[in-house]
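# Structural features, examined
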Amino acid sequence: MTEWQNKISANDDNYTHNINTNNERQLDRRGFMKTMAGAAGLFAVSSLPWGAIAAKELMGLSDKEYPHHKIAELKDVSVGSSIDFHFPTEHDSAIMIRLKEDKFVAYQNACTHLRCPVYWIKEEKEMVCPCHHGKFDPTNGTPTAGPPRRPLPEIALKVKEGAIYAVRVKRYEA
Ligand code: FES
């Protein structure tokens, strides 16, 4: 190697001397941040409806319709009496009460305190939880005595061809 070749400065001796590396890095960082912001925005927008639906489900604010379940023939339920059934699954115990000739109500009957079964006491016209003396208003499922603070989930009913069906679970609003 000749002497003059050794004197070429490092700046002249490569093909990247015209690149401002700091700016390049800034552009890279800016581009990356833009990409990330775009991806985050896209994710937020695309997941919004699902997030809202999931939140609604988790908070129990939605009414759920299930395959209709026949509870009983109307003629088999006298006024003032109740019938136990399961809805929407065989693991969800429920109770239907015929309060008047034309008024039926139904609730999932796991107490909203600690899930003991709630009973209908015909003579006292009350829904009672024996575990800690909780009571619920049979007309709307709201707690009226004892430790429960939340209403019993109401089951929507439908009368069809002389029989009564459970169709939906109405969720309480927190
Ligand atoms: S479980 Fe019903 S009152 Fe406690």
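Further up the page is the structure itself.
Everything quoted here is computed from the prediction, not taken from an experiment. Starting afresh in each chain, residues are numbered from 1 along the sequence in its written order. In keeping with the model being predicted, local features are shown solely for residues with a pLDDT of at least 70 and side-chain atom pairs are shown and tallied solely at 80 or more, while totals for entire chains, interfaces and linings include all residues. The side-chain values count all of the structure's non-hydrogen atoms but skip hydrogen atoms and water molecules.

## Considerations on unusual backbone geometry
Defined as follows: Only runs of H or I of at least four residues qualify as helices and only runs of E of at least two qualify as strands under DSSP, and these elements are numbered from the N terminus.
Between Phe87 and the following residue, Pro88, the backbone shows a cis peptide bond with an omega angle of 0°. Mapped onto the elements of the fold, Pro88 is located in the loop between strand S2 (82-86) and strand S3 (93-100). We note that Arg115 has phi near 70°; this positive angle belongs to a residue other than glycine. As for its placement among the helices and strands, Arg115 is situated in the loop between strand S4 (103-108) and strand S5 (119-121). Unusually for a residue other than glycine, His133 sits at a positive phi of about 60°.

## Digging into the state of the cysteines
To be explicit about the condition: Two cysteine sulfur atoms form a disulfide, by the criterion used here, when they sit within 2.5 Å. For each residue, the accessible area found with a 1.4 Å probe, counting protein chains only, is set against the maximum for its type, and the residue is called buried under 20%, exposed over 50%, and partly exposed in between.
Scanning all chains against the criterion turns up one disulfide. Between the sulfur atoms of Cys116 and its disulfide partner Cys131 the distance amounts to 1.9 Å. One quick way to see it: the torsion about the S-S bond of Cys116 and Cys131 is about -90°, and its sign makes the bridge left-handed. Remark: Cys131 occurs in the loop between strand S6 (126-129) and strand S7 (134-136) and Cys116 occurs in the loop between S4 and S5; sequence separation between them is 15 residues. With a relative accessible area of 37%, Cys131 lands in the partly exposed category.

## Thoughts on the side chain of Thr112
To keep it simple, the criterion reads: For this analysis, a polar contact is any N or O atom pair within 3.5 Å, provided that within protein one partner can donate a hydrogen and the other can accept it, and provided that sequence-adjacent residues contribute only side-chain to side-chain pairs. In what follows, a contact means two residues having at least one pair of non-hydrogen atoms within 4.5 Å.
Take Thr112: it is sitting in the loop between S4 and S5. Assessed through its relative accessible area of 11%, Thr112 is described here as buried. For Thr112, the side chain forms a polar contact with the main-chain oxygen of Arg150, separated by 2.5 Å. Contact partners of Thr112, with chain neighbours within four places excluded, come to Phe136, Pro148, Arg149, Arg150, Pro151, Leu152 and Pro153.

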